[in-house]
Amino acid sequence: YNVIINRSSAVIAPRFRPWFVSLVLTVGLNAWGQAPAPSPPKPVAVEQLQKAWSAVVQVNARAIEGAPSATTLGKIRRGSGVVIGPDDLFLTIAYLVTETEQLNIRTQDQKTYPARVVASDSATGLALLRPLYPLTAIAPVALGQASLSDVGQTFAVASGEAGDTMSPARLMDVRNFTGYWEYHLDTALYASPPIGNHSGAGLFNTQGELVGIGSLLMQDIMPASDPRSLPGNMFVPTELLGPYLQDMLATGSSPKSNRPWLGINAVERSGRIQITRVTPKSPADLAGLTAGAFVLSLDGEPLSSLALFYKKVWAKPMNSGVFELTVQERGETRQLKLEIRDRSQTIQKPAGI
């Protein structure tokens, strides 16, 4: 028992005896001593967890030839997805399938199906897939929620690449997340220990409900106020899908994803926002913005954080013409005008399957 739970590669086999699954999921991570004392463990629904494991598939995709995203995301991508709805609707992480073609999924019984992207949403970071012909009897899982009251509780992580296993993970925090690639979530889930094959992996509660989709591997998931350091994964909450599911099915994205885009990567350094990369032919590139510049203000308004910067960009009406960006490069202050462009209009779509 101690040997299993203290290894980062600890796993739970869904076909193991129910008492073993219950033991690991309810008390298996107490040995870490890294999280606040959790509320009393919730009962474990072993059959529901087995069902959840069966609904996790491997997702394989190849980038469209010449796709700009291939530079950062790779030409060949592999991750996971989870069946969440009728007609074999899958939920996964959007970057896995952005600007890709020749998409296929492989189920737990090693059957492979060609698939297509139903929706890809830059605002939530979630995507929906469907196979081109019906799967063999895979029941969809229910969506659940995780909140601050669940911090310290043990969850289960399942990946389409992990074989006949589920891994225990403790929810360490629920807080916002700001990505350097013009991405922000007001709520994200942070769990540990980390799994390497995290892209699109499912985070399940002990009732077998899907509460998160794997997005990132992080060296430290602890809050900034906590001096301890702990590696883990960031998961996108599945509850973000709820308000936009019908829009995504109808239009291929959520209304929030149709928003201005600059074409930058940026980080906060000592309270300042610094550009680390500029996407070729993006509004930022065409305006002359370069990596290394510090952003001082947007339309004359000072910027105190990267999250605030992004939110001000997204709040700009699409028909308002340009952004006025004040930047500092090599000690010189410059005013730049950036064209307002919708990111979704720049993403390459496959010609067909």
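Let us look at the structure shown here. Everything quoted here is computed from the prediction, not taken from an experiment.

**A word on helix α3 (residues 46–54)**
- Those residues of α3 that sit buried are Val46, Leu49, Ala52 and Trp53. Around the axis of α3, the buried residues are gathered within 115 degrees of arc, so they sit on the same side.

**Thoughts on the pairing of strand β5 (residues 112–120)**
- As paired elements, strand β4 (residues 100–106) and β5 share three bridges and run antiparallel to each other. Looking across to β5, one finds that Asn104 is bridged to Pro114.
- Counting the residues between successive antiparallel strands, the hairpin from β4 to β5 contains five residues, one of them, Gln110, with a positive phi of roughly 70 degrees.
- Note that β5 and strand β6 (residues 126–131) share five bridges and pair antiparallel.

**Things to note about unusual backbone geometry**
- Pro193 follows Ser192 through a cis peptide bond whose omega is 5 degrees.
- Note that Pro193 resides in the loop between β9 (183–192) and β10 (202–204).
- With a phi angle near 50 degrees, Arg330 is a residue other than glycine that sits in the positive phi range.
- Assignment of secondary structure puts Arg330 in the loop between β18 (322–329) and β19 (332–339).

**Examining the sheet that holds strand β11 (residues 210–218)**
- Taken in spatial order, the six strands close into a barrel running β7-β8-β9-β12-β11-β10, and their pairing is antiparallel. Here the strands of the sheet are splayed against their neighbours by 45 degrees on average, with no regard to which way each runs.
- Bridging between β10 and β11 involves three bridges; their strand directions are antiparallel. Across the sheet, the residue bridging to Phe204 is Leu210, located in β11.
- Together, β8 (167–179) and β9 form the strand contacts of helix α7 (residues 306–315), whose direction differs from that of β9 by roughly 140 degrees.

How each quantity is defined
Residues numbered from 1 in each chain as written. Predicted model: local features only at pLDDT ≥ 70, side-chain atom pairs only at ≥ 80, totals over all residues. Heavy atoms only, no water. Buried < 20%, exposed > 50% of the residue type's maximum accessible area, 1.4 Å probe, protein only. Helix = DSSP H or I, 4+ residues; strand = E, 2+ residues; numbered from the N terminus. Arc of directions from axis to C-beta. Pairing = 2+ DSSP bridges. Axes fitted to C-alpha atoms, helices over the stretch in contact; angles between N-to-C directions. Contact = heavy atoms within 4.5 Å.

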